[in-house]
Number of protein chains: 2
Amino acid sequence: MGSIGNVTPQTMHFAEPLRLQSGSQLADYTLMYETYGELNAARSNAVLVCHALNASHHVAGTYEGDPKSAGWWDNMVGPGKPLDTNRFFVIGVNNLGSCFGSTGPMHNNPATGKPYGAAFPLVTVEDWVAAQARLADRLGIEQFAAVMGGSLGGMQALAWSIMFPVRLRHCMVIASTPKLSAQNIAFNDVARQAILTDPDYHGGDFYEHGVVPKNGLKVARMVGHITYLSNDDMAEKFGRKLRNAAETNEYAFDFGVDFEIESYLRYQGDKFSEYFDANTYLLITKALDYFDPARSFNGDLTKALASTAAQFMVVSFTTDWRFSPERSREIVEALVSNRRRVTYAEIDAPHGHDAFLLEDARYMNIVRAYYDRIWLEEAA
Amino acid sequence: MGSIGNVTPQTMHFAEPLRLQSGSQLADYTLMYETYGELNAARSNAVLVCHALNASHHVAGTYEGDPKSAGWWDNMVGPGKPLDTNRFFVIGVNNLGSCFGSTGPMHNNPATGKPYGAAFPLVTVEDWVAAQARLADRLGIEQFAAVMGGSLGGMQALAWSIMFPVRLRHCMVIASTPKLSAQNIAFNDVARQAILTDPDYHGGDFYEHGVVPKNGLKVARMVGHITYLSNDDMAEKFGRKLRNAAETNEYAFDFGVDFEIESYLRYQGDKFSEYFDANTYLLITKALDYFDPARSFNGDLTKALASTAAQFMVVSFTTDWRFSPERSREIVEALVSNRRRVTYAEIDAPHGHDAFLLEDARYMNIVRAYYDRIWLEEAA
């Protein structure tokens, strides 16, 4: 059981305009994606892995010459791993508006010849799924064995099951929610305000000013990061430990770094602000806020999921307070009301929302067992 | 049972230098305070009310000509109220470093003739208590009937019981904690980073630039405010309601206001940024972070509270996730281990941390009953 090894991203250009939920459209666009494993002759073993806020098409494997470049779900996807690339043909695709290669705010707007910036149209989870479906068309995949994602990726999997019921046999929704709560939206709006009010944001046109709204991105990431970790896990890992514990172990009495947790979060914020695009952060948080498939059904999630035909796996983590198990149970209950076949696992894990990305034997084993079942069905 | 009516703040100047925990000292300083009710002949009916982050000496009553100027705990303090000013002589005092009249960062530093700004020395909960004790000396109060506070105010009450065991008969610690968690500190540091990186902060010397770091303060307040409300209460009050619900009830597809919760938080943030001082926000959050009486006792809260002599009332609120009931129980357990007399109430209230400021019959009744007991002891 190892990594896939070296992988190579690919691009696919789409000349057909994409009409978006907002009413805007993208005249043409490019998607960056990666594939692992082999598509079988029946074209029936494809699995689409959807990414969350700050991830990309680079799900597994490494890039040549960069052994530290492992994909964001390399522990989940690879030869002999829970999603076994010896069995399945796995696709990771960077979403529209993201900043890792697919068409986004930093690319030129054909209408103006300048980067889109804040003029890049707001895209929704459903828009992403529509774009992903076109990629599947081009790759000759009529039906996925599974569409799978965690967090925002789980929302895309759920949207797939609603929008294209017969194009997936299994839908795997991990650490996700059928809609954000007021508190979730509130945290996203704090992050957005931090970016929007950074003078280096320049109304979204910072590219042409040769600057990046780093301070805003840093604060945005810090507040986001807090919501990814559990209170207990933070207490365990950092507690009130001082950064200078090995030296004076005294308070500094200034506004520098006193506590390890400050050092950690500021570092995470700084690092993030160096690689992530501010406009992308804004529009992805809006996609999160807007996702609410029950909205067209007067808030009735059961009705929203009535059109689904897939089988489902839903997974939540006990200490996830961003998208708590309660939110996953809403999905499960709505599916059960529709008499869908659902496997639900509530994993007792200490790592909060981040748990969906981490190694945890029970979690990995249950996903593995689920893929074993898909594989056996496939072989039958 | 009504308001006290019009009240008038007073000031007291202290020419004696105050040595601070940091090692710095304030050469001289002024405290702003208010008193309600009458000090009895025995000088035994005084109650000190300590304020939290953004409050002040103005605990109860109104200012002449401004009927909307009710004090921050006007529902708790007044004639016939739980803390009955017909019985008790109540003192509210603005803490050093705050921005409501006591010596703080916006006042002139005698050493430079310019506002202190970020050069105002960091003050701790214990420093505040030391300054409050001097005010009590001047007012001729040797022993308080009670020292009481909520949140950061509760920390001051607790510090009083440790630092001046025989100067208070009762210590009332509400919605508080013996120390911040890593998560609490993390949220405070996000707020500080938002302020410190606002270009209008000017290293703390924004006064002389004629600007205020409003954007930073706004983000700081927004993130703070989220932690004051419970998830359930936010869901109940705001949910996913759109601000334009009465009109189109459609998403705006821009970065303006979509949801009511965004409108509410941004409004709160804007309002706060107009009246609160950025340097004060920074230093008060550090006072919160630093409070940890068990720190000098190798983390042993029982030992830290061994010197106390008061009787205690501790109150927590079930949905308070900022300072959860668990944190109050730590205080109670440490006091019980010391064989102190403790009344503990865990109030089942939906309003999160903010509950300590709100009307709630069970909460108000238990505080009232506790003051009735103090009054009866007093009369005995």
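Structure's up top.
All residue numbers here refer to positions counted from 1 along the written sequence of the relevant chain. Both sets of labels track the order of writing: A upward for chains, 1 upward for ligands. The predicted origin of the model limits local features to residues at a pLDDT of at least 70 and limits the giving and counting of side-chain atom pairs to 80 or more, whereas totals for whole chains, interfaces and linings rest on all residues. Hydrogens and water molecules were not included; the side-chain quantities draw on all heavy atoms of the structure.

## What about the overall build of chain A?
Worth spelling out the cut-off: In this description a helix means any DSSP run of H or I spanning at least four residues, a strand means any run of E spanning at least two, and both kinds are numbered starting from the N terminus. Radius of gyration: C-alpha atoms only; globule rule: 2.2 Å multiplied by the number of residues to the exponent 0.38. Residue contacts are defined here by distance: any two heavy atoms, one from each residue, within 4.5 Å place the two residues in contact. Only the protein chains shown count as cover for residues, with accessible areas throughout obtained via the Shrake-Rupley method and a probe of 1.4 Å. Charge assignment: positive for Lys and Arg, negative for Asp and Glu; neither His nor the chain ends contribute. Taken as the charge centre is NZ of Lys, CZ of Arg, CG of Asp or CD of Glu, depending on the residue.
Across its full length, chain A holds 11 helices and 14 strands. Computed over C-alpha atoms, the radius of gyration of chain A comes to 21 Å, within 12% of the 21 Å expected from 2.2 N^0.38 for 380 residues, which places it in the range of a compact globule. C-alpha atoms of chain A, sized along the principal axes, occupy 65 × 50 × 50 Å. Across chain A, the fraction of contacts at a sequence separation of at least 24, relative to all contacts at a separation of at least 6, is 71%. Working note: accessible area of chain A is about 13,900 Å², and carbon and sulfur atoms make up 49% of it. The distance from the centre of the 33 positive side-chain charges to the centre of the 44 negative ones in chain A is 5 Å.

## A closer look at the sheet that holds strand 12 (residues 168-174) of chain A
All names here are of chain A. Heads up, the rule is: Note on pairing: DSSP must find at least two bridges between two strands before they are called paired. The axes used here are C-alpha line fits, helices contributing only the stretch in contact, and every angle between their N-to-C directions lies in the interval 0 to 180 degrees.
Spatial strand order, 1-4-8-5-11-12-13-14: eight strands in an open sheet with mixed pairing. Of all the strands in the sheet, the pair left with one neighbour each is strand 1 (10-14) and strand 14 (342-347). For this sheet, the mean inter-axis angle between neighbouring strands, taken without regard to orientation, is 20°. With four bridges connecting them, strand 4 (residues 29-36) and strand 8 (residues 89-93) associate as antiparallel partners. Bridge pairing in strand 8 links T35 to I91. Relative to the sheet, helix 2 (residues 152-163) contacts strand 5 (46-50), strand 11 (144-150), strand 12 and strand 13 (311-317), its axis offset from that of strand 12 by approximately 150°.

## What to know about the relation of the copies chain A and chain B
For the pair of chain copies, the relating transformation is a rotation about an axis with a translation along it. So the rule is basically this: Least squares is the method for superposing the copies, and the C-alpha atoms it fits come from residues with pLDDT of at least 70 in both.
It takes a turn of 180° to lay chain A on chain B, together with a shift of 0.0 Å along the axis; the resulting RMSD is 0.0 Å. Seen this way, the second copy is the image of the first under a two-fold rotation axis. A high fraction, 100%, of the interface residues of chain A reappear at the interface in chain B, so the copies pair face to face through one surface.

## Some details on the interface of chain A and chain B
By convention, interface size is frequently given as the accessible area that disappears when the constituent parts associate. Basically, it comes down to this: Values labelled buried area give the accessible surface lost by two parts on being combined, using a 1.4 Å probe and summing over both. What counts as a salt bridge is simple: a side-chain nitrogen of Lys or Arg found within 4 Å of a carboxyl oxygen of Asp or Glu. Whenever two N or O atoms come within 3.5 Å, that pair is a polar contact, provided that in protein one can donate a hydrogen and the other can accept it, and provided that, for residues adjacent in sequence, both atoms are side-chain atoms.
The interface of chain A with chain B comprises 57 residues on the first partner and 57 residues on the second. Summed over both partners, the interface of chain A with chain B comes to about 4,800 Å²; 66% of that surface belongs to carbon and sulfur atoms. By the criterion of area lost to chain B, the three top residues of chain A are R240, F253 and F255 of chain A, representing 17% of everything that side buries. The closest approach of N and O atoms between R240 of chain B and D292 of chain A, which form a salt bridge, is 3.2 Å. Our count for the contact surface shared by chain A and chain B stands at 22 residue pairs in polar contact (both at pLDDT 80 or more). When contributions to the side of chain A that touches chain B are tallied by element, the ones reaching two or more residues are helix 3 (182-196), helix 5 (214-228), helix 6 (231-237), helix 7 (260-275) and helix 8 (278-290) of chain A. The dominant element in the side of chain A that touches chain B, judged by the number of residues it contributes, is helix 3 of chain A, at 11 residues.

## Re the environment of P105 of chain B
All names here are of chain B. Its place among the elements puts P105 in the loop between strand 8 (89-93) and strand 9 (108-109). Expressed as a C-alpha distance, the spacing of P105 and A306, which sit 201 residues apart in the sequence, is 35 Å. When neighbours within four sequence positions are excluded, P105 is seen to be in contact with G97, S98, P115, Y116, G117, F120, Y207, D277, N279, T280 and L283.

## Brief notes about the layout of surface pockets
Under the convention used in this document: For each structure, a 1 Å grid was placed over the protein atoms alone; sets of points admitting a 1.4 Å probe that cannot get out are labelled cavities, open sets with protein on both sides within 12 Å along at least five of seven lines are labelled pockets, and lining residues have an atom within 4 Å of a point. Grid points are joined across faces, edges and corners, and a volume is the space filled by probe spheres set on the points. Polar here means any residue outside two lists: the nonpolar Ala, Val, Leu, Ile, Met, Phe, Trp, Tyr, Cys and Pro, and the charged Asp, Glu, Lys and Arg; Gly therefore counts as polar.
The computed volume of the largest pocket comes to approximately 1,100 Å³. For the largest pocket, the lining is made up of 44 residues, of which Q183, N231 and W321 of chain A together with N231 and W321 of chain B are closest to its centre. Those elements that provide at least two residues to the lining of the largest pocket are helix 3, helix 6 and helix 10 (325-337) of chain A together with helix 3 (182-196), helix 5 (231-237) and helix 9 (325-337) of chain B. Considering every element that reaches the lining of the largest pocket, the biggest residue donor is helix 10 of chain A, with four residues. Split into classes, the residues belonging to the lining of the largest pocket amount to 10 nonpolar, 18 polar and 16 charged. The computed volume of the second largest pocket comes to approximately 890 Å³. Around the second largest pocket, the lining comprises 33 residues; the ones closest to its centre are N54, W72, R221, Y275 and L357 of chain A.

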